Amino acid sequence: FGGRLIIRGSVGYSLGVFLANLQCIQTIGDSYTSIFTAMLEGQSCIDSLRQITYLMNLPTDLEARRSVANKQRIRTAELTEDLKKRFPGQHRQHHLDQVPIFLEDI
């Protein structure tokens, strides 16, 4: 890096130039250290990202849930209508309170 040239007293190469070169090398080294650290941190996340990607791409049961919810909604409406016919003078809230609870396909 020019240290020997300074010791020998070579013309055109001063202590200031040598120290400036050392500072540049130190700055470049610090930058590479930061880059390497960031790459290591990124690399440590790869397995977790693979796992998340795998889990996010698994099939869902949303269609089955939607179907069950729609059937429940229809059945509740049917039962409510039946109760309205059986008890015509009552408020809607009373009809909902009287809807029986069913447990099916457990």
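Residues numbered from 1 in each chain as written. Predicted model: local features only at pLDDT ≥ 70, side-chain atom pairs only at ≥ 80, totals over all residues. Heavy atoms only, no water.

1. What about the overall build of the protein chain?
What counts is decided by this rule: Here a helix means four or more residues in a row that DSSP labels H or I, a strand means two or more in a row labelled E, and each is numbered from the N terminus. Our radius of gyration is a C-alpha quantity, and the globule rule it is checked against amounts to 2.2 Å times the number of residues to the power 0.38. Using a 1.4 Å probe, accessible areas were evaluated by the Shrake-Rupley method; residue-level cover was limited to the displayed protein chains. In this charge count, Lys and Arg are treated as positive and Asp and Glu as negative; neither His nor the chain ends contribute. The atoms used to mark charge sites are NZ of Lys, CZ of Arg, CG of Asp and CD of Glu.
Secondary structure summary: the protein chain contains five helices and zero strands in total. Computed over the C-alpha atoms, the radius of gyration of the protein chain is 38 Å, more than 25% above the 13 Å expected from 2.2 N^0.38 for a compact globule of 106 residues. With the principal axes as the frame, the protein chain shows a C-alpha extent of 115 × 30 × 15 Å. When the accessible area of the protein chain is evaluated, it comes to approximately 9600 Å², of which 60% is carbon and sulfur surface. Averaging the locations of the 12 positively and 11 negatively charged side chains of the protein chain gives two centres separated by 5 Å.

2. Some remarks on the pattern of salt bridges
Cut-off, in case you're wondering: Salt-bridge detection follows one rule: a side-chain nitrogen of Lys or Arg within 4 Å of a carboxyl oxygen of Asp or Glu. For the exposure calls, accessible area comes from a 1.4 Å probe over protein chains only, and a residue counts as buried if that area is under 20% of its type's maximum, exposed if over 50%, partly exposed in between.
Summed over all chains, the structure comprises six salt bridges. When the shortest N-O distance is used, the salt bridge between R66 and E63 registers 3.0 Å. Within this pair, R66 and its partner E63 are both found in helix 4 (residues 62–86), separated by three residues, close to a single helical turn. Relative accessible area serves as the criterion here: at 56%, E63 is assigned to the exposed category.

3. Comments concerning the side chain of T80
Short version of the rule: N or O atoms closer than or at 3.5 Å make up a polar contact, with two conditions inside protein: a donor-capable atom paired with an acceptor-capable one, and, for residues adjacent in sequence, both atoms drawn from side chains.
With respect to the helices, strands and loops of the structure, T80 is situated in helix 4. Here T80 falls in the buried class, since its relative accessible area comes to 6%. Reaching out from T80, the side chain makes a polar contact with the backbone oxygen of T76 at a distance of 2.7 Å.

4. Section: the confidence of the model for the protein chain
Inclusion rule: A residue's pLDDT is the confidence the predictor assigns to it, expressed on a 0 to 100 scale.
With 96% of its residues at a pLDDT of 70 or more, the protein chain has an overall mean of 86. Across the protein chain, the secondary-structure element scoring lowest on mean pLDDT is helix 5 (residues 92–97), at 70, and the one scoring highest is helix 3 (residues 46–56), at 94.

5. Some points on the environment of G9
With respect to the secondary-structure elements, G9 resides in the loop between helix 1 (3–8) and helix 2 (15–44). Considering only alpha carbons, one finds G9 and S48, 39 residues apart in sequence, at a separation of 57 Å.

6. Brief notes about the environment of E78
Position of E78 among the secondary structure elements: in helix 4. A relative accessible area of 45% places E78 in the partly exposed class. Note: C-alpha distance between E78 and V99 (21 residues apart in sequence) is 9.9 Å.

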